[in-house]
Amino acid sequence: MIGLISATAAGAAARARLAAAWPERTRVYEGPVGDAVRAAFAECEQVVCFLATGAVVRLIAPLLGDKASDPGVVCVDEGGRFAVSLVGGHGGGANELAREVGEVLGAEPVVTTATDAVGIPGLDTLGLPVEGDVAGVTRALLDGEPVALDSEVPWPLAPVPFVAEGPSRVRLTDRAVEPGPGEVLLRPPSLVVGVGASRGAPVDEVLELIHGALKDAGLSARSVAELVTVEAKAGEAGIVEAAVRLGVPLVTYSAEELAGVEVPHPSDAPLAAVGTPSVAEAAALVRGGELLVPKRKSTRADGRPAMATCAVVRRPARGRLAVVGLGPGARDLLTPRAKAELRRASVLVGLDQYVDQIRDLLRPGTRILESGLGAEEERARTAVAEAKKGQAVALIGSGDAGVYAMASPALAEASDDIDVVGVPGVTAALAAAAILGAPLGHDHVSISLSDLHTPWEVIERRVRAAAEADIVVTFYNPRSRGRDWQLPKALAILAGHREPTTPVGVVRNASRPDGTARVTTLTDLDPATVDMMTVVTVGNTATRDIAGRMVTPRGYRWQEETK
Ligand code: SAH
């Protein structure tokens, strides 16, 4: 919840705008500002004060505790011109909040935290537990000093400008090592601990067993991602409590699924009890990985039989492939989500001209793999191969990356061992339609006239079908130097079913600085004016040119009335 506090009428007006924009996220604190600030600070994750920074500094000074748990505080000035991230820039999310508030109120976000300011993330913001000299090594990064990354375990990290060798070092490791001077340890959640227990196994016995296994194998408990067991043990108190104390989720699998996992140490006891010859090893291995600690049993001080077993597996890193649409060209048609993914990826794959479009958004340390036109398959393969190595990859395309673009060749190469995230983009047909008016008000299709990958017969059949079905058509890849007869041919097919006066929209470089658009007709369109930077939208029999805008009515009743 975001607490909102104001003192003056102008402040209250801005506060009301924010509250109206975010009814679910915000809560207004009325009354004397001192009391309001104290209450909001105690009750909310974030606070926005429509007060001078000086006043807020004085009010919150006695309340400040730990930067990891304090709420993020943003101040907005009387005039609503600036949204200042005051405290909790990272931990409290105040930097992000200042940007969001800025967007709603039209205020300039003011962010002074060093790491965010220059696009280098703090080492404590990478989403992994950290140990060691976090402040010192982050400062070294900011000062442009060489910081090396020693990656013992592959993990899809956000970009950081690491070098091969340096006096400061970040170690990505799940091993039980201590950070040295000038060193930071990042703990990837790479370990899975499988546990089995007989009914009534005490939590201390389970935990001691787990800690002993990790210690003997030289592994850090901070890299444990989850405890796993068989479904029948989902409610076994000793296991449930052990997961709680380790601060990790407990994940269960059916006995049937576990019985199918090949393990080095099957036994009859669990087979009889829960229906699988292995619980600890099978559960740890069920999603693949390397068995670091084979099944071991607990030891009991009283010499009675062991009640718990465990096994530890290092699971393969799951790389991340984001397929990101950049929109038609204009920066403000690039979605915030696409922006976030571009900054999240440490490897960027794309056509050089698209990389140019967003190069300024990339964080220092992003590895850019750009290639020229035509190398589509290779780009797709590269992106997937990098993700399989455990990297965070963004594969970019203009418009929507799934429309005549990279998503399908990439996903054809991908397997289920990587995470895939699609970020939609504004495709050319939509960017053009918004310029033309409302040509897509009723059913519409897109057809690519490029016969490089598709035989012309197939394209022609689809154009014919659209013509017969009276559907609005947007042609992508309409005409290039070597392909000049396809567009006239396609238009002729449509003309067989539509009036010569049918409106046709021609939009070149939609949303780009040199963009042009015009509405003409089927007979008047000169194909020579069309090139590969253009989309051509042909109306259906109901589409009209109204005041120079192309409008396709939503229903056919309206069409009858306006005929
Ligand atoms: N993925 C892209 C389309 C790639 S195919 C998208 O979703 O928009 C390339 C074709 O898209 C070009 O030949 C052109 O017909 C069209 N196109 C892409 N961007 C355009 C723009 N800004 N203005 C007009 N047409 C565009």
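Residues numbered from 1 in each chain as written. Predicted model: local features only at pLDDT ≥ 70, side-chain atom pairs only at ≥ 80, totals over all residues. Heavy atoms only, no water.

Participant: Looking at this structure, how should I read the layout of surface pockets?
Facilitator: Picture a little ball the size of a water molecule; that probe, rolled over the atoms, points out where space is still empty. Counted as a void, the largest pocket has a volume near 1,500 Å³. Around the largest pocket, the lining comprises 44 residues; the ones closest to its centre are Tyr-354, Glu-376, Tyr-404, Asn-477 and Met-532. For the lining of the largest pocket, the elements supplying multiple residues, two or more each, are helix 13 (352-358), helix 14 (376-388), strand 19 (392-397), strand 22 (444-448), helix 17 (456-468), strand 24 (503-508) and strand 26 (534-538). A breakdown of the residues in the lining of the largest pocket according to their chemical character gives 19 nonpolar, 17 polar and eight charged. Split by domain, the lining of the largest pocket shows at least three residues from each of two domains, domain 4 (319-426) and domain 5 (429-561). As for the second largest pocket, its lining consists of 35 residues, of which Glu-96, Arg-99, Ala-340, Arg-343 and Arg-363 are closest to the centre. Of all elements in the fold, only helix 4 (94-105) and helix 12 (336-344) reach the threshold of two or more residues within the lining of the second largest pocket. Among the elements that make up the lining of the second largest pocket, the one with the highest residue count is helix 12 (seven residues). Considering only residue class, the lining of the second largest pocket consists of twelve nonpolar, ten polar and 13 charged. (1 Å grid on protein atoms, 1.4 Å probe; cavity = no way out; pocket = protein on both sides within 12 Å on 5 of 7 lines; lining within 4 Å. Points joined across faces, edges and corners; volume = space filled by probe spheres on them. Helix = DSSP H or I, 4+ residues; strand = E, 2+ residues; numbered from the N terminus. Nonpolar A, V, L, I, M, F, W, Y, C, P; charged D, E, K, R; others polar. Domains from an automatic or database assignment.)

Participant: So what exactly am I meant to see when it comes to the packing of helix 17 against helix 18 (residues 486-495) here?
Facilitator: Their axes nearest at 8 Å, the elements helix 17 and helix 18 cross at an angle of 30°. Judged on the interaxial angle alone, helix 18 and helix 17 are roughly parallel. With respect to the hand of their crossing, helix 17 and helix 18 are arranged in right-handed fashion. Residues Trp-456, Glu-460, Val-463, Arg-464 and Ala-467 of helix 17 form the contact with helix 18, whose participating residues are Gln-486, Lys-489, Ala-490, Ile-493 and Leu-494. Among the residues forming the contact of helix 17 with helix 18, the class breakdown is six nonpolar, one polar and three charged. (Axes fitted to C-alpha atoms, helices over the stretch in contact; angles between N-to-C directions. Parallel < 35°, antiparallel > 145°, perpendicular 65-115°, else oblique. Left-handed = near helix turned anticlockwise from the far one by under 90°. Contact = heavy atoms within 4.5 Å.)

Participant: Would you explain helix 7 (residues 203-216) in this entry?
Facilitator: Residues three or four positions apart in an α-helix share a direction because the helix packs 3.6 residues into each turn. Here helix 7 is 14 residues long and its end C-alpha atoms lie 20 Å apart, about the 20 Å a rise of 1.5 Å per residue gives. Those residues of helix 7 that fall on the buried side of the exposure criterion are Val-203, Glu-205, Val-206, Leu-207, Leu-209, Ile-210, Ala-213 and Leu-214. Immediately beyond the C-terminal end of helix 7, within one or two residues, lies Gly-218, with a positive phi of roughly 70°. (Expected span 1.5 Å × (residues − 1). Buried < 20%, exposed > 50% of the residue type's maximum accessible area, 1.4 Å probe, protein only.)

Participant: What's the story with unusual backbone geometry in this structure? I'm lost.
Facilitator: Note on backbone geometry: most residues besides glycine have negative phi, and most peptide bonds are trans. In the Ramachandran plot, Asn-477 falls in the positive-phi region, its phi being about 45° despite a non-glycine side chain. Inspection of the secondary structure assignment puts Asn-477 in the loop between strand 23 (472-476) and helix 18. Despite not being glycine, Ser-511 shows a phi value in the positive range, around 70°. Mapped onto the elements of the fold, Ser-511 is located in the loop between strand 24 and strand 25 (516-521). Ser-511 sits in the partly exposed class, given a relative accessible area of 26%.

Participant: Help me understand the sheet that holds strand 9 (residues 168-172), please; the structure alone is not making it clear to me.
Facilitator: Here we have four strands laid out as an open sheet, ordered 7-10-9-8, and mixed in their pairing. Each end of this open sheet is capped by a strand with a single partner; those strands are strand 7 (130-132) and strand 8 (147-151). Each adjacent strand pair in this sheet contributes to an overall mean axis angle of 20°, direction not counted. Pairing analysis gives five bridges linking strand 8 to strand 9, with the strands arranged parallel. Within strand 9, the residue paired with Val-147 across the bridge is Ser-168. (Pairing = 2+ DSSP bridges.)

Participant: I keep staring at the site of the ligand and nothing clicks. Help me out?
Facilitator: Every one of the 20 residues lining the ligand counts as a neighbour, but Val-403, Thr-427, Ala-510, Met-532 and Thr-534 are closest to it. Between a nitrogen atom of the ligand and a main-chain N or O atom of Val-403, the distance comes to 2.7 Å. At 2.8 Å from a nitrogen atom of the ligand is found a main-chain nitrogen or oxygen belonging to Ala-510. In isolation the ligand exposes 540 Å². Once the protein is present, 93% of that is buried. In terms of residue class, the shell around the ligand is made up of twelve nonpolar, six polar and two charged. Counting contributing residues per domain, the shell around the ligand is built from domain 4 (319-426) and domain 5 (429-561), each supplying no fewer than three. (Near = heavy atom within 4 Å. Polar contact = N/O pair within 3.5 Å; in protein donor to acceptor, adjacent residues only side chain to side chain. Areas by Shrake-Rupley, 256 points an atom, 1.4 Å probe, with all protein chains shown as cover.)

By themselves, these figures tell us nothing about what the structure is for.
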